[in-house]
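# Structural overview for review
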Amino acid sequence: MDFASRITRIPRPYEPEQGGEARALFGTLDGPTGDLIEGAAGCSPYLKTLMNAERDWLPDALQAPEDAFAGVLADLQDVAGAGLADALRQAKRRLALLIGLADLAGVWPLEDVTARLTDFAGTACDLALRDAVGRAIRRGKLPGMDEADVPRAAGMVVLAMGKMGAHELNYSSDIDLICLFDETRFDEDGYHEARAAFVRATRQMAATLSDRTAEGYVFRTDLRLRPDPGVTPVCMSMGAAETYYESLGRTWERAAYIKARPCAGDIAAGKRFLDVLRPFVWRRHLDFAAIEDAHNMRLRIRAHKGLGGPLTLPGHDMKLGRGGIREIEFFTQTRQIIAGGRDADLRVRGTETGLFRLAEKGWIPQDTADLLTRHYRFHREVEHRLQMLRDAQTHALPSSVAEFDRLAAFMGRDTSDLETELLERLSEVHETIESFFAPGMTGGAGHAEEGQDTEGILDSDVIARWPGYPALRSARAVEIFGRLKPEILSRLAGSAHPQEALLAFDGFLAGLPAGVQVFSLFEANPQLVDLLVDIAGTAPALAAHLSRNADVFDAVIAGDFFAPWPGRAALEEGLDARMVREDDYERRLDAARRWHREWHFRVGVHHLRGLIGAGEAGRQYAELAEAVIAALWPVVVAHFSERHGAPPGRGGVVVGMGSLGAAQLNARSDLDLIVIYDAQDAEGSDGHRPLAARPYYARLTQAMITALTAPMAEGRLYEVDMRLRPSGNQGPVATAWPSFCEYQRHEAWVWEHLALTRARVLAGDAGLGADVREFRAGLLAQARAPGKVMEEVSAMRARIAAAKTPDGAWDAKLGPGRLQDVEMLAQAATLMAGQASRDIPAGLDDGVAIGWLDDADRAALGRAHALCWQVHQAAKLLNDRPLDPDRIGEGGRRFLLRETGHDSVEALLHDLETAAARAATCIDAALQRTPEEKTIGT
């Protein structure tokens, strides 16, 4: 399709005589193309000047504008030396004319216009840099470099920043560049000479691009985005820049690097530098402190530029003024900075792409993204028209009526309609952005009235000690908390038990090591204050934990915190994705700890708020642990293999025992694990430091235990208990597969077979895992004497009773008829029935099936176990101490009663004791009778 048939809009000539003169220059261009020439020249003196200069080139270029653009860039590749500066300026004239006309005519959409402007800028930078570096090499100023190093600029790279980095250059943009060089390419003796040469090359490149000559200029060049530009050279070593950003980098510099892109010189070195800088730009935790930083920057820009006051059109800055382009860019970049450390999909350079991704991933409403995108595109069109008029780097709307009429004609619009639309769009952008940036909180349904007097409701002595807490050491933290404090106090005063809630919040605040990030998080997400008050009033121990691990609040606002439970497979996939982002072993282990902390917190909050019950919480805690083990095992094996070689034979499997095997954990459970390996015929590994098979798997198992239990920067994952392995603590930490089979067949005690009823393979070699499962089922199916099993169970009950004293009437785990007692009986029933059941209800059913229990026994035991589990699960969530209803506060008591379905603590205790007594009677009776022999075994 030719250019004329693609024209969708044409400017009106504001000065018809000027337009007519231009049209006469191109007698062969008639119809829509001639109208375009006339309208453009009749509005823009700059475009008319370009038409005069390129009247011989333009007609052919308009026949195939894409080919013409590519041809200009291709022709530049053949120019070098003294002719480069003039060639670049001619290219600038031609492309400014071609792009301007294609933009005015609607032939190229905004993204094509900005991309082509950017592509030319990148080509110009690369050619100018290579020319300057080539001269330095030929003069011997870059030690060790020769002509072969010119294409990659001898290790120097130009980073395109801002709009150039995002492929969003406007029509008359200056270009923001940061110039760096790879100091590792030079030895200590050559470093200083190389640095001086790169500084000269940078200045020469900038001069080639920005000096005004008789042929014009190429791009105004700004090198001031580099670290501390007042004292640093225009080209820095990458190492020096990295040190600066790690120690002194500010939020605005992080935002600037969202768009950074290597555009000239050693592109690979530039990408490596940006990879190194990734942790500086993209923080691991949600970074809501960036909101205030960006807001303050907006206010400083307004004050510096004198852009405050009401919104009026004459002279209004479409970039920096209210409702302008920069507001949309700030909004987008700030949201990216907040969440991009957690969500890599947000790490995009373009503004429109950023808005799209933020909406797609649920960080902003879709209608907000659509609104800002529409206005952004319109603002950019106005910006381009303003700059095309006279090739001025301006964003200011005209101050005179005549010039506003010119702008309207250039856009093919009526002046009054354009003014109305501008005011509407600018106002809508400003209102949308201001609601995001302006500090403050708004109460929601059910909150106390704003400004409620809390005197007499909350203890003023508690509140008075807050200024001395570590979280309020900095002036910035004090300022943010000052804005939050009235609303927090109001919500605490409005809670069911204000004084308890205040003391729990006080514990949270006292434990915070720093406040800026957390207070910023609360300010941007007021619903988190509700959640904290709820937690503080119900489970103060959990609130205290939050003060040490406040980053878990990130998960609450990630969009899916209250979504249905995803299941083990999705959890494992999510942890895999989180760990793979990290580039070394310890960082992966810390990433696993952060991830686990968030999901563990989620289960607790869901349970606390009644979204799930004790049984479902137990299953979710178990699936979380399974996902951690399944995702972590291959990471540990890979790391161990780097030094000692791949696992000999088939490898190993991790087997969950006890409550983990039964898929019922509580909030504070440790993990019962064993490791089984099959070296087959291999004597050892083949790595850099090979090991014999037995010590290999022993040390690998210890590495896995360490990965789970070691207290690292992000805490620990779990405590691990390996005592259920063959021979207990006297046996090897990892058991060989043949030895495991032999031991279980001929040496294992009855209690070890009871433990095997709950064993479940969680991770490791699939083939070995299948063999373990098959062996377990076969072993449990073997006939065995019921009398021996019951004798052992009776003896175990006696030993446990002698060794472990229950912590009072509220101990749901220990004691006759309590959790451990019922679980042991269910395991015995499964063992005697020759079944492979793991959970307690199925084990009780096995007892009924073999005639050992009747339906009444089954009901009594099931009732006792369910009630004990509810009490135990709630107790472990509320505190790490034995349950005492008098010490858990009113909120804790309400949670406990809601969980168990009781109206009072007294009724619950009576029910608990009655159920346990009935269960104990059933167990005592069962251990005195023998199931019929014909029902035992298979």
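Scroll up to find the structure this text is about.
I will try to describe carefully the structure that is included in this document. Along each chain, numbering runs from 1 in the same order as the chain's sequence is written. Given that the model is predicted, a residue must reach a pLDDT of at least 70 before its local features are reported, and side-chain atom pairs must reach 80 or more before they are shown or counted; all residues, however, enter totals for whole chains, interfaces and linings. Excluded from the side-chain calculation are hydrogens and water; included are all heavy atoms of the structure.

## Looking at the overall build of the chain
- On a plain count of helices and strands, the chain comes out with 39 helices and 10 strands.
- C-alpha atoms of the chain, sized along the principal axes, occupy 115 × 75 × 55 Å.
- Taken over 938 residues, the chain has a buried fraction of 57%.
- Residues count as neighbours in contact if any of their non-hydrogen atoms are within 4.5 Å of one another. Taking all contacts inside the chain whose residues are at least 6 apart in sequence as the whole, residues at least 24 apart take part in 75%.
- With residues, only the protein chains shown are counted as cover, and all accessible areas are computed by Shrake-Rupley using a 1.4 Å probe. Accessible area for the chain stands at about 38000 Å²; split by element, carbon and sulfur atoms hold 50% of it. A run of DSSP states H or I qualifies as a helix once it reaches four residues; a run of E qualifies as a strand once it reaches two. Both are numbered from the N-terminal end. Each residue's exposure class comes from its accessible area (1.4 Å probe, protein chains only) as a fraction of the maximum for that residue type: buried when under 20%, exposed when over 50%, partly exposed otherwise.

## Quick look at the nonpolar core
- Take the buried Ala, Val, Leu, Ile, Met, Phe, Trp, Tyr and Cys residues and link them wherever side-chain atoms come within 4.5 Å; each set so joined is a nonpolar core. Of all hydrophobic cores here, the largest spans 150 residues; its most connected members are Trp466, Phe519, Phe553, Phe601, Leu632, Leu673 and Trp852.
- At 17 residues, the largest contribution of residues to this core is made by helix α28 (residues 614-644).

## Digging into the packing of helix α6 (residues 84-104) against helix α16 (residues 366-390)
- Running from N to C, α6 and α16 point in directions that differ by 135 degrees, and their axes come no closer than 11 Å. Considered as vectors, α6 and α16 are oriented oblique to each other. The hand of the α6/α16 crossing is left-handed. Contacts between α6 and α16 involve Gly100, Asp103 and Leu104 from the former and His384, Arg385 and Met388 from the latter.
- When residues are grouped by polarity, Ala, Val, Leu, Ile, Met, Phe, Trp, Tyr, Cys and Pro land in nonpolar, Asp, Glu, Lys and Arg in charged, and all others, Gly among them, in polar. Of the residues in the contact of α6 with α16, the class split is 2 nonpolar, 2 polar and 2 charged. To get an axis, fit a line to the C-alpha atoms, keeping to the stretch in contact for a helix; angles then go from 0 to 180 degrees between the N-to-C directions. With respect to orientation, any angle under 35 degrees is reported as roughly parallel, any angle over 145 as roughly antiparallel, any angle of 65 to 115 as roughly perpendicular, and every other angle as oblique. Crossings are classed by handedness, with left-handed meaning an anticlockwise turn of the near helix from the far one by less than a right angle and right-handed meaning a clockwise turn.

## Remarks on the pattern of salt bridges
- Between Lys or Arg on one side and Asp or Glu on the other, a salt bridge is scored when a side-chain nitrogen of the former is within 4 Å of a carboxyl oxygen of the latter. This structure, assessed with the given rule, holds 60 salt bridges.
- Between Asp112 and Arg116 there is a salt bridge, with the nearest N and O atoms lying 4.0 Å from each other. Taken together, the residues span about one helical turn, with Asp112 and Arg116 both in helix α7 (residues 110-138) at a distance of 4 residues.
- Judged by relative accessible area, which is 29%, Asp112 ranks as partly exposed.
- Using a relative accessible area of 16% as the deciding quantity, one classes Arg116 as buried.
- With its nearest N and O atoms 2.9 Å apart, the salt bridge here joins Arg797 to Asp924. Note that Arg797 is positioned in helix α34 (residues 786-803) and Asp924 in helix α39 (residues 905-926), a separation of 127 residues in sequence.
- A residue is classified by how much of its surface remains accessible, and Arg797, at 18% relative accessible area, is buried.

## Let's talk about the packing of aromatic side chains
- Centre distance within 6.5 Å is the pairing criterion for rings of Phe, Tyr and Trp, where only the six-membered ring of Trp is used; planes under 30 degrees apart are then read as stacked, over 60 as edge-to-face, and the remainder as tilted. Within this structure, the stated rule accounts for 21 aromatic pairs.
- Measuring from ring centre to ring centre gives 6.4 Å for Tyr46 and Tyr171, while their planes differ by 80 degrees; the resulting arrangement is edge-to-face. Linking Tyr46 in helix α3 (residues 45-53) with Tyr171 in the loop between α8 (162-165) and β2 (175-181), this pair joins segments that are 125 residues apart in sequence. Each member of the pair, Tyr46 as well as Tyr171, carries the same accessibility label: buried.
- Considering the side-chain rings of Trp466 and Phe481, the 5.9 Å spacing of their centres and the 75 degrees angle between planes classify their relative orientation as edge-to-face. Of this pair, Trp466 sits in the loop between α19 (460-464) and α20 (475-493) while Phe481 sits in helix α20; the two residues are 15 residues apart in sequence, bridging distant segments of the chain. An identical accessibility class is assigned to Trp466 and Phe481; each is buried.
- Among the aromatic side chains, those forming a connected cluster through ring pairs are Trp466, Phe481, Phe505, Phe508, Phe519 and Phe522.
- We call a charge positioned above a ring when the Lys NZ or Arg CZ atom is no farther than 6 Å from the ring centre and deviates by at most 35 degrees from the ring normal. One cation-aromatic arrangement involves Arg116 over Phe69; the distance from NZ or CZ to the ring centre is 5.6 Å.

## Concerning the packing of helix α35 (residues 819-833) against helix α36 (residues 840-849)
- Across the interface, α35 lies against α36 with an axial gap of 7 Å and an inter-helix angle of 55 degrees. Overall, the two elements α35 and α36 adopt an arrangement that is oblique. Our pair here, α35 against α36, has a crossing hand that is left-handed. Along its contact with α35, which presents Val822, Glu823, Ala826, Ala829, Thr830 and Ala833, the element α36 presents Ile840, Gly843, Leu844, Asp846 and Gly847.
- Looking at the contact of α35 with α36 residue by residue, the class counts come to 6 nonpolar, 3 polar and 2 charged.

## What about the pairing of strand β5 (residues 261-265)?
- Burial runs high along β5: 5 of the 5 residues are buried.
- Pairing analysis gives 4 bridges linking strand β1 (residues 156-160) to β5, with the strands arranged antiparallel. When the sheet's bridge partners are listed, Val158 is paired in β5 with Ala264. Pairing between two strands requires that DSSP report at least two bridges joining them.

## Quick word on helix α21 (residues 498-511)
- The end-to-end C-alpha distance of α21, which contains 14 residues, comes to 20 Å, matching closely the 20 Å that a straight helix rising 1.5 Å per residue would cover.
- By the burial criterion, the buried members of α21 are Pro498, Ala501, Leu502, Ala504, Phe505, Asp506, Phe508 and Leu509. Here, expected helix span is obtained from the residue count minus one, scaled by 1.5 Å.

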